[in-house]
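# Close look at the chain arrangement
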Amino acid sequence: MILVGQFDSPFVRRVAIALHHYGHPFERRVLSVFKDFDAMLAVNPMGKVPALILDDGETLFDSRAIIDYLDESAPSERRLAPVQQPDRRRVLQVEVVGITLAEKIYERGIENSRRAPGTSDPAWRTRLERQIASICAWLEARLEGDWFFDGGFSRADLAVAVAMQYLERVLPTAESTTRYPRLQAHRLRCERRAAFANVQDNRAEALNSGWNPEA
């Protein structure tokens, strides 16, 4: 399989970590949605990452759809989401909140580094930062043990930890031990897992493509 995208993207990293968790070998095609936009459109008509090219040539889009495919085809002991309701619904609810956190951090980066001079809206940036804080507070209140759910590491933990890694890189003042101590401890716990250690956030790839959301 071939994973398309850069490791500075939390959405690409989430899929890569899942691939390592499930034990799938893969190659990576490093394309930027900015610098390599034409090439990205040839892979994904939406021009977005990640994309996963399967061994038979089929290409999957969207990190949630890709992880759904990987999870459903994995042995039961390796799956990251329950099959039965309501447990499945609860895991996927936290997962989508974690993914939305990453999306809002990304949108804030767009406001900081991708708008034409003088066109960024301070009120919109403030709104995004309020959403980020609201999401983190919601997640912090629901994390009572090592993992979000008693069954152990799940898709909920994967989505939240990757989003918090992203937040730590691009907006470190928002991810503090005093404000969200449970989420920070959870992120560090996830980073000790082999699948996370194999997929490092790569700021150099971002800078090479002209993307600097910390600006």
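Here's what I pulled together on the structure shown here.

Rules used in this analysis
- Residues numbered from 1 in each chain as written.
- Predicted model: local features only at pLDDT ≥ 70, side-chain atom pairs only at ≥ 80, totals over all residues.
- Heavy atoms only, no water.
- Pairing = 2+ DSSP bridges.
- Helix = DSSP H or I, 4+ residues; strand = E, 2+ residues; numbered from the N terminus.
- Axes fitted to C-alpha atoms, helices over the stretch in contact; angles between N-to-C directions.
- Contact = heavy atoms within 4.5 Å.
- Expected span 1.5 Å × (residues − 1).
- Buried < 20%, exposed > 50% of the residue type's maximum accessible area, 1.4 Å probe, protein only.
- Phe/Tyr/Trp six-rings, centres within 6.5 Å; stacked < 30°, edge-to-face > 60°.
- Lys NZ or Arg CZ within 6 Å of the ring centre and 35° of its normal.
- Parallel < 35°, antiparallel > 145°, perpendicular 65-115°, else oblique.
- Left-handed = near helix turned anticlockwise from the far one by under 90°.
- Nonpolar A, V, L, I, M, F, W, Y, C, P; charged D, E, K, R; others polar.

Once that is clear, we can look at the sheet that holds strand 3 (residues 51–53). The 4 strands lie next to each other as 2-1-3-4, forming an open sheet whose pairing is mixed. In this open sheet, the two strands that pair with only one neighbour each are strand 2 (27–29) and strand 4 (59–61). Across this sheet, the average inter-strand angle for adjacent strands is 25 degrees, counted without regard to direction. Note that strand 3 and strand 4 share 3 bridges and pair antiparallel. Bridging across to strand 4, Ile53 finds its partner in Thr59. On top of the sheet, helix 1 (residues 10–22) reaches strand 1 (2–4) and strand 3; it is set at about 160 degrees to strand 1, its chief contact. In this fold helix 3 (residues 63–72) packs onto strand 3 and strand 4, with an angle of close to 125 degrees to the strand it touches most, strand 4.

The next subject is helix 1. Spanning 13 residues, helix 1 covers 18 Å between terminal C-alpha atoms, matching the ideal 18 Å at 1.5 Å per step. Along helix 1, 12 of the 13 residues are buried, which leaves the element largely enclosed by surrounding structure. Three or more residues of helix 1 are buried, namely Pro10, Phe11, Val12, Arg13, Arg14, Val15, Ala16, Ile17, Ala18, Leu19, His21 and Tyr22. Buried residues along helix 1 sit in contact with strand 1, strand 3, helix 3, helix 4 (87–113), helix 6 (155–170) and helix 8 (194–197). Positive backbone phi, at 80 degrees, marks Gly23, one or two positions downstream of helix 1.

Turning our attention to the environment of Glu144. Among the secondary structure elements, Glu144 is positioned in the loop between helix 5 (122–142) and helix 6. Separated by 48 residues in sequence, Glu144 and Val96 place their C-alpha atoms 19 Å apart.

Moving on, we come to the environment of Gly109. Of note, Gly109 is situated in helix 4. Taking the C-alpha atoms as reference, Gly109 lies 23 Å from Ile17; in sequence the two are 92 residues apart.

As enumerated under the stated definition, the model contains 2 aromatic pairs in all. Ring centres of Trp147 and Phe153 lie 5.6 Å apart, and the angle between their planes is 80 degrees; this geometry places the pair in the edge-to-face category. Ring centres of Phe153 and Phe196 lie 6.1 Å apart, and the angle between their planes is 80 degrees; on these two criteria the pair is classed as edge-to-face. Of the two residues, Phe153 sits in the loop between helix 5 and helix 6 while Phe196 sits in helix 8, which places them 43 residues apart along the sequence. Summarising the burial analysis for this pair, Phe153 and Phe196 share the class buried. Among the aromatic residues, those joined into a ring-pair cluster are Trp147, Phe153 and Phe196. The ring of Phe7 has Arg28 sitting right over it, with the charged end atom 3.7 Å from the ring centre.

What follows is about the packing of helix 4 against helix 6. Contact pair helix 4 / helix 6: the axes reach a minimum separation of 7 Å and the direction vectors enclose 15 degrees. As judged from the angle between their axes, helix 4 and helix 6 are roughly parallel. Judged by the twist between their axes, the crossing of helix 4 over helix 6 is left-handed. Here Arg88, Val91, Leu92, Val94, Glu95, Gly98, Ile99, Leu101, Ala102, Ile105 and Tyr106 of helix 4 come into contact with helix 6, specifically with Arg155, Ala156, Ala159, Val160, Ala163, Met164, Tyr166, Leu167 and Val170. A breakdown of the residues in the contact of helix 4 with helix 6 according to their chemical character gives 16 nonpolar, 1 polar and 3 charged.

Just geometry here; none of it tells us what the structure is for.
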